[in-house]
Amino acid sequence: MAGAALEIDRVEAAYGAVKVLKAVSLAVRPGEFVALLGSSGCGKTTLLRAISGFVPVASGRILVDGRDISGLPPDKRDMAMVFQSYALWPHMTAAGNIGYGLKLRGWDRARTAERVGQMLAMLKLDGLGGRMVTQLSGGQRQRVALGRALAVDPRILLLDEPLSNLDARIREDVRHEIKALQNKLGITAIHVTHDREEAMVMADRIVILDAGEIAQVGSPEEVYNRPASTFVASFMGAGNVVRLTARRDGDGLVLGAGQLSNEIRVPAESVAGGAGDQVVAHFRGEAVRLGAPDAGDRGMLVLKGRVAQASYPGGHWRYGVTVGSQHFMVDDPRRLHVGESVGIGLPLDSLHLFAAGADSGPAERV
Amino acid sequence: MRNPRFVGLLLVAPALLAVGALFVYPLLFSVASAFTSKEGQATLANFARAYELYSVDIAFTLVIVVTSTLLCGLLAIAIGGYLTLGENARAVAILKWLYRWPLFIPFVVAAQCMRTFVAKNGLMNNSLVSLGILEPIQTTSFLDWRGIVITFVWKQTPFVALLVAGAMASLDRSTIEAARNLGAGRLRILVEIVVPQVSSTLVVALILSFVTMMSVLSVPIMISGESPTMMTVDMAFRINAYGDYGTANALGVLSYLMTGAVAWIYLRRGIREGGRP
């Protein structure tokens with residue numbers, strides 16, 4: 001991509017014989033905030049460490065502003081990383097930590113102090129510069145780590161699950177703070193996380209990784225509403241899966257689950273990967289409407305089932321509903337009883353449809 | 001068996017007795033006898049004699065042990081640093097395998113080896129001559145204070161390195177990567193990031209080495225038994241030649257004071273760091 005701040009070109013990496021990254025390609029625009037999202041072992045941290053130079057690249061190139069940096073050691077890459085453990089130096093003060101990168105760049109004491117002061121003020125750490133980092137709270141340490149990375153004004157900011165050690169409540173605030181700061185400074189940022197919501201809230205673009213490959217790249221809205229594969233659909237929360245039969249009907253398809261549901265007509269192109277006679281539908285528990293089992297609503301697929309489990313996580317009820325031999329988790333505001341017959345109403349726009357047996361595979365790379 | 005305190009005491013009693021009989025009693029006895037004349041009266045005469053006869057050796061001992069301790073520290077940092085930050089996996093593996101060897105060699109054997117190594121026609125000089133670094137005429141014997149220092153450093157560095165390298169290996173690796181990421185070279189990371197974080201372990205290892213070296217008799221006797229020499233040699237001489245336990249014990253008390261001073265520096269440092277030893 002022309003004008004990319006960071007370009008990853010068919011990068012492969014391995015730990016011994018195990019290939020962790022398989023020809024990953026990605027371009028990041030200047031000032032963009034990209035989240036690498038995936039479950040444990042998908043290669044997201046390895047990709048970040050390959051970018052920072054801590055994991056050698058087996059093949060492929062990493063370019064910053066068009067310059068190949070794949071062979072450079074980590075200390076020559078002009079990037080700054082915020083580590084999961086913060087990696088603050090316990091024998092230094094907060095100001096010492098923040099100013100260390102400037103010392104390495106040969107800044108004099110007065111200039112360093114001024115810059116450190118700016119960082120402390122920006123990160124709401126005024127008055128804490130003289131404290132040893134071991135005397136700071138988790139949130140404060142996290143900000144010192146961020147300050148240390150931002151103080152050197154790096155070309156690219158790398159964030160390795162920086163929020164995972166924070167309390168849930170503080171984490172919500174810090175997400176927005178980091179995003180706001182990144183917007184304000186216009187810095188290019190790559191953020192590794194396994195937290196879907198965190199990626200959605202913070203990133204301009206989300207890269208979903210699966211087993212060392214990019215499964216999909218897109219805006220939060222795209223990957224949420226238009227998952228490119230069954231993996232992405234499941235990962236983005238559409239974890240209920242139902243297998244449907246498909247029958248051609250003119251330019252559309254008629255979908256149904258036999259005795260367990262009614263039939264609905266959908267446009268043929270709504271099935272990713274082309275429709276065969278079997279279709280896999282993913283849907284989110286919160287996108288359904290529970291109603292009577294025989295409430296045949298046009299344009300809505302109704303699965304006939306029975307409430308097997310009920311819990312109240314807050315705001316709505318969560319039900320485990322059994323349909324035939326399958327089990328679905330769905331939400332509804334109304335109180336229902338275990339054993340009650342219900343219909344799970346699935347509006348067409350709540351269904352993510354894929355050709356059965358043929359996962360549409362990695363999405364086209366952006 | 002109803003009183004748990006009694007059971008506890010019973011359990012530690014053998015250890016307590018052993019420490020009391022084999023360490024505390026002889027220690028107190030030797031300290032007391034340092035302040036006692038042959039006639040059994042309290043006196044400082046033993047210290048006066050020790051100072052009069054051996055003041056040079058006392059200073060000599062201190063210089064040798066302090067120098068050796070510092071050199072051990074520097075080499076251990078270099079070894080630990082390479083083991084932690086080295087990027088050549090094969091070199092790291094070889095060093096890891098090699099550096100511990102002297103740990104398993106007793107001081108007396110080390111001293112014997114060093115006699116042949118650092119002598120005028122020893123292996124060290126012969127190697128330097130054959131490498132063309134020295135002319136045969138320039139070779140001198142190192143069987144003096146330098147030989148003692150070389151032996152101590154050779155023998156004690158692995159011990160310090162073992163502890164220091166262990167502490168370095170247990171550091172949060174990302175603190176090293178964070179410095180690397182910001183642009184620090186490896187030497188700088190060693191000095192500014194790694195060593196400060198393992199300083200407590202380093203100091204403990206150096207104090208233990210200091211105490212060990214203060215008490216070694218075989219090395220100074222075998223490498224350089226002539227004056228000036230170390231206090232341990234003088235103590236052995238007072239006892240073997242004159243049966244003069246008083247002066248020997250006075251010298252012993254002085255070595256306790258030296259090691260005690262070092263331990264005090266360490267403890268004070270621990271308190272300043274917030275009670276963390």
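Fair warning: this is a prediction, and the values are worked out from it, not measured in the lab. (Residues numbered from 1 in each chain as written. Chains lettered and ligands numbered in written order. Predicted model: local features only at pLDDT ≥ 70, side-chain atom pairs only at ≥ 80, totals over all residues. Heavy atoms only, no water.)

## A short note on the overall build of chain A
Note the threshold: Here a helix means four or more residues in a row that DSSP labels H or I, a strand means two or more in a row labelled E, and each is numbered from the N terminus. Relative accessibility thresholds used throughout: buried, under 20% of the residue-type maximum; exposed, over 50%; partly exposed, between the two (1.4 Å probe, protein chains only). Computed with the Shrake-Rupley method and a 1.4 Å probe, the accessible areas treat only the protein chains shown as cover for residues. Residues counted as positive are Lys and Arg, residues counted as negative are Asp and Glu, and His and the chain ends are not counted. Taken as the charge location is NZ of Lys, CZ of Arg, CG of Asp or CD of Glu.
Helix and strand counts for chain A come out as eight helices and 21 strands. The principal-axis extent of the C-alpha atoms belonging to chain A is close to 75 × 45 × 35 Å. Sorting the 366 residues of chain A into buried and exposed places 51% on the buried side. Accessible area for chain A stands at about 15900 Å²; split by element, carbon and sulfur atoms hold 49% of it. Of the charged side chains in chain A, 42 are positive and 40 negative; the average position of the first set lies 5 Å away from that of the second.

## Re the layout of surface pockets
Gaps left between atoms show up when a probe the size of a water molecule is rolled over them. Residue and element names in this part refer to chain B. Under the convention used in this document: Grid spacing is 1 Å over the protein atoms alone, the probe is 1.4 Å, and a cavity is where that probe fits but cannot get out, while a pocket is an open set with protein on both sides within 12 Å along at least five of seven lines and lining residues have an atom within 4 Å of a point. Grid points are joined across faces, edges and corners, and a volume is the space filled by probe spheres set on the points.
Space inside the largest pocket adds up to approximately 390 Å³. Every residue lining the largest pocket is counted, 16 residues in all, and those nearest its centre are Ser215, Met235, Gly252, Ser255 and Tyr256. Counting only elements with at least two residues in the lining of the largest pocket, the list comes to helix H1 (4-34), helix H9 (199-214), helix H11 (231-242) and helix H12 (245-272). The element contributing the most residues to the lining of the largest pocket is H12, with eight residues.

## Side note on the sheet that holds strand E11 (residues 240-249) of chain A
Residue and element names in this part refer to chain A. Our working rule: We treat two strands as partners when DSSP finds at least two bridges between them.
An order of E13-E12-E11-E15-E21-E14 is seen for the six strands of this open sheet, with the pairing classed as mixed. Edge positions in the open sheet fall to strand E13 (263-267) and strand E14 (271-272), since each of these has one partner strand only. Alignment of strand E15 (residues 278-283) against strand E21 (residues 352-355), held across four bridges, turns out to be antiparallel. Looking at E21, one finds that valine 279 is bridged to alanine 355.

## Here's the deal with the packing of aromatic side chains
Aromatic ring pairs are defined here through the distance separating the ring centres and the angle between the ring planes. For clarity, the threshold we go by: Aromatic rings from Phe, Tyr and Trp, with only the six-membered ring used for Trp, were paired whenever their centres fell within 6.5 Å, and each pair was classed as stacked if the ring planes differed by under 30 degrees, edge-to-face if by over 60, and tilted otherwise. In this analysis the charged atom, NZ for Lys or CZ for Arg, is taken to sit over a ring once it is within 6 Å of the ring centre and within 35 degrees of the ring normal.
Within this structure, the stated rule accounts for 10 aromatic pairs over all chains. Taking the centre distance of 4.8 Å and the plane angle of 40° together, the rings of phenylalanine 35 of chain B and phenylalanine 47 of chain B count as tilted. Of this pair, phenylalanine 35 of chain B sits in the loop between H1 and helix H2 (45-85) while phenylalanine 47 of chain B sits in helix H2, and the two are 12 residues apart along the sequence. Assessed through its relative accessible area of 35%, phenylalanine 35 of chain B is described here as partly exposed. Taken together, Tyr312, Trp317 and Tyr319 of chain A form an aromatic cluster joined through their ring pairs. When the ring centre of tryptophan 89 of chain A is taken as origin, the NZ or CZ atom of arginine 148 of chain A, which lies over that ring, is 4.3 Å away. Positioned over the ring face of phenylalanine 107 of chain B is lysine 155 of chain B, at 5.1 Å from the centre of the ring.

## Looking at the pairing of strand E8 (residues 188-193) of chain A
All names here are of chain A. Buried residues dominate E8, accounting for six of its six residues. Residues Thr188, Ile190 and Val192 of E8 are buried on one face, and the alternating residues Ala189, His191 and Thr193, pointing to the opposite face, are buried as well. Here strand E3 (residues 33-37) pairs with E8 via five bridges, running parallel. Directly across from leucine 37, in E8, lies its bridge partner threonine 193.

## Section: the pattern of salt bridges
When the charged atoms of two side chains with opposite charge come close together, those side chains can pair. Rules: Between Lys or Arg on one side and Asp or Glu on the other, a salt bridge is scored when a side-chain nitrogen of the former is within 4 Å of a carboxyl oxygen of the latter.
This model, assessed by the stated rule, comprises 25 salt bridges over all chains. Across the salt bridge formed by lysine 19 of chain A and glutamate 12 of chain A, the nearest N and O atoms sit 3.0 Å from each other. Residue glutamate 12 of chain A is classed as buried on the basis of its relative accessible area, which comes to 17%. One salt-bridge network, held together by shared partners, links Asp75 and Lys76 of chain A together with Glu87 and Arg180 of chain B.

## Examining the packing of H2 of chain B against helix H6 (residues 145-169) of chain B
Residues and elements named next belong to chain B. Quick reminder of the rule: Here, axes are lines fitted to C-alpha atoms. For helices the fit covers the stretch in contact, and angles between N-to-C directions go from 0 to 180 degrees. Roughly parallel means an angle under 35 degrees; roughly antiparallel, over 145; roughly perpendicular, 65 to 115; everything else is oblique. Helix crossings get a hand from a simple test, with the near helix turned counterclockwise from the far one by less than a right angle marking a left-handed crossing and a clockwise turn marking a right-handed one. Each residue is assigned to one class: nonpolar for Ala, Val, Leu, Ile, Met, Phe, Trp, Tyr, Cys and Pro, charged for Asp, Glu, Lys and Arg, and polar for all the others, Gly among them.
The interhelical angle for the contact between H2 and H6, taken along N-to-C directions, is 40°, at an axis separation of 6 Å. As far as their axial angle goes, H6 and H2 are oblique. Remark: the crossing between H2 and H6 carries right-handed chirality. For the contact of H2 with H6, the class distribution of residues is 19 nonpolar, seven polar and no charged.

## Re the pairing of E13 of chain A
Remark: a regular strand shows side chains that alternate across the two faces of the sheet. Residues and elements named next belong to chain A. With burial as the criterion, only one face of E13 is covered, namely that bearing Ile264 and Val266; the residues Glu263, Arg265 and Pro267 on the opposite face remain uncovered. Taken together, the five bridges between strand E12 (residues 252-256) and E13 define a ladder with antiparallel strand orientation. Note on E13: the bridge partner recorded for leucine 253 is valine 266. Taken together, E12 and the strand that follows it, E13, pair antiparallel across an intervening segment of six residues, in which glycine 258 is found at a positive phi of about 65°.

## Concerning the interface of chain A and chain B
Here is the rule: Residues are treated as being in contact if the distance between any of their heavy atoms lies within 4.5 Å. Summed over both partners, buried area is the accessible surface (1.4 Å probe) that two parts give up on being assembled.
At the interface, 24 residues of chain A touch 17 residues of chain B. Buried area between chain A and chain B, summed over both chains or domains, comes out near 1800 Å², and the portion from carbon and sulfur atoms is 57%. It is Asp75, Trp89 and Leu104 of chain A that lose the most area in chain A upon contact with chain B, and together they represent 29% of the buried surface on that side. The tally of links from chain A across to chain B stands at three salt bridges.

## Thoughts on the side chain of glutamate 12 of chain A
Counted only if it meets this: The definition of a polar contact used here is a pair of N or O atoms within 3.5 Å, where within protein one atom must be able to donate a hydrogen and the other to accept one, and adjacent residues in sequence count solely through side-chain atom pairs.
By the secondary structure assignment, glutamate 12 of chain A is in strand E1 (residues 6-15). Polar side-chain contacts of glutamate 12 of chain A include one of 3.0 Å to the backbone nitrogen of alanine 23 of chain A.

## Describing the confidence of the model for chain B
Going by this rule: The score called pLDDT rates the predictor's confidence residue by residue, from a low of 0 to a high of 100.
Scored by pLDDT, chain B comes out at a mean of 90, with 96% of its residues at no less than 70. Among the prediction metrics, the complex's ipTM stands at 0.80, with pTM recorded as 0.80.

## Thoughts on the nonpolar core
The criterion, for reference: We define the nonpolar core as a collection of buried residues of types Ala, Val, Leu, Ile, Met, Phe, Trp, Tyr and Cys that are connected through side-chain atoms lying within 4.5 Å of one another.
The biggest cluster of nonpolar side chains holds 142 residues, and the ones touching the most others in it are Leu6, Leu36, Leu146, Leu157, Ile190 and Ile208 of chain A together with Phe152 of chain B. Take this core: its biggest share by element is 13 residues, from H2 of chain B. Residues in contact with leucine 157 of chain A, not counting those within four places in the same chain, are Ala80, Val82, Leu146, Ala149, Leu150, Ile187, Thr188, Ala189 and Ile190 of chain A. Within the second largest apolar cluster, 30 residues are counted, among which are Leu244, Val279, Leu290 and Val342 of chain A.

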